[in-house]
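# Residue-level structural notes
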Amino acid sequence: MPASALVIAWAVMPLPRAPVVSVEKVVPATPAIALAAPAAPLRVAPPRPDLTLSSNALSVAPGAAGVQTLRVANVGSAEVTDPVTLTYVTPTYLNVDHDQPLPSGCEMRLTDPDPTIPEVVTCRIPGPIAAGKEVTVGIPVAATTRVRFVGRVRGMAMAAPTGADADLGDNWNYAQVVITRPTPKLPDGNPVDLYLTNAVPAVSDGQPGKVTFTYGSKAPHEAKGDIRLTYVTPFYVNVDHAKPLPSGCKMRLTDRDPLVPEIVVCSLKPLKAGKTGSLAIPVELVKGAPPGPLGGMALIAPATDVERGQIDNFLAANVVNITAG
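We now turn to the structure provided with this report. The shown structure was predicted, so the numbers you read here are calculated from the model rather than taken from an experiment. (Residues numbered from 1 in each chain as written. Predicted model: local features only at pLDDT ≥ 70, side-chain atom pairs only at ≥ 80, totals over all residues. Heavy atoms only, no water.)

Quick look at empty space enclosed by the protein now. Within this structure, the stated rule accounts for three cavities of 30 Å³ or more. Roughly 70 Å³ of volume is contained in the largest cavity. Together, T90, P91, T92, P115, T116, I117, P118, T230, V232, M297, A298 and L299 line the largest cavity. Of all the secondary structure elements, the ones that give two or more residues to the lining of the largest cavity are β17 (227-232) and β23 (297-302). Sort the elements by how many residues they give to the lining of the largest cavity and β23 lands first, with three residues. For the lining of the largest cavity, a count of residues per class yields eight nonpolar, four polar and no charged. Taken as a whole, the second largest cavity holds about 40 Å³ of empty space. Along the walls of the second largest cavity sit T92, R154, M297, A298, F314 and L315, which together make up its complete lining. Counting only elements with at least two residues in the lining of the second largest cavity, the list comes to β23 and β25 (314-315). Residue composition of the lining of the second largest cavity, by class: four nonpolar, one polar and one charged. (1 Å grid on protein atoms, 1.4 Å probe; cavity = no way out; pocket = protein on both sides within 12 Å on 5 of 7 lines; lining within 4 Å. Points joined across faces, edges and corners; volume = space filled by probe spheres on them. Helix = DSSP H or I, 4+ residues; strand = E, 2+ residues; numbered from the N terminus. Nonpolar A, V, L, I, M, F, W, Y, C, P; charged D, E, K, R; others polar.)

Next up, the structure:
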């Protein structure tokens, strides 16, 4: 066959067919759905009462009288159905005004005309107190003429129901009074200038402590007569009666009720000018006490000498409850 015929034959031969590729539609896989465990039902806290206590800002001059108003409010979500105990401790250098009647349901727990020793009133408030409502109690008080400064003094107050309370931490406060003019003149006698400081102990359900006081007589004045120190325990704190009190100290009010403070009065020896002394009173926490700082009171005063500067004779003698919640 001629070459030209081979070329023509090749030209007319059909080309081989390309292979057919089968294309399938790709469908994306559906992601797996994780099945969560059934949610636990929400726990709604039951309604609970929650009392708080506050007091008015009373101002009174030495020798004058007034009314310390205590407000017991229920800020909880349920009414207080049980009776409420209210305790009031008079501020330093004030007494209950015994010329006036106490409110209904109140009585004297401790009466002492010496204004360096506080008086104690306890009241029983009958329930109920509805949620969002408050009750007021007015305690008549009188400032002694033995107070010779202008400034703030502290008492103590606490209210608590017989039953449960959501938070005892706001059930107490310092019932403060502002002493105003006119200021009485300094009486005749040997002048002295005392001062008082304290250390704040940490206590817990299983850990008692000691409230340590340091006192001194500022130069150039010498304390020739005895010195008196008065200590009022915080609410929910008692004197640790398993341990001895310091020399010269005696219980003035003993009460294991956590809503009533205990009171210790110490008779101390005279101090030379510029000298200091110290003593430690053993204390223990009452179970169920609110956490954090718990406030007490303390005062130092001459028994027979004349104090020149009373403003640094008294303080808030706190302890701190460190019991784990």
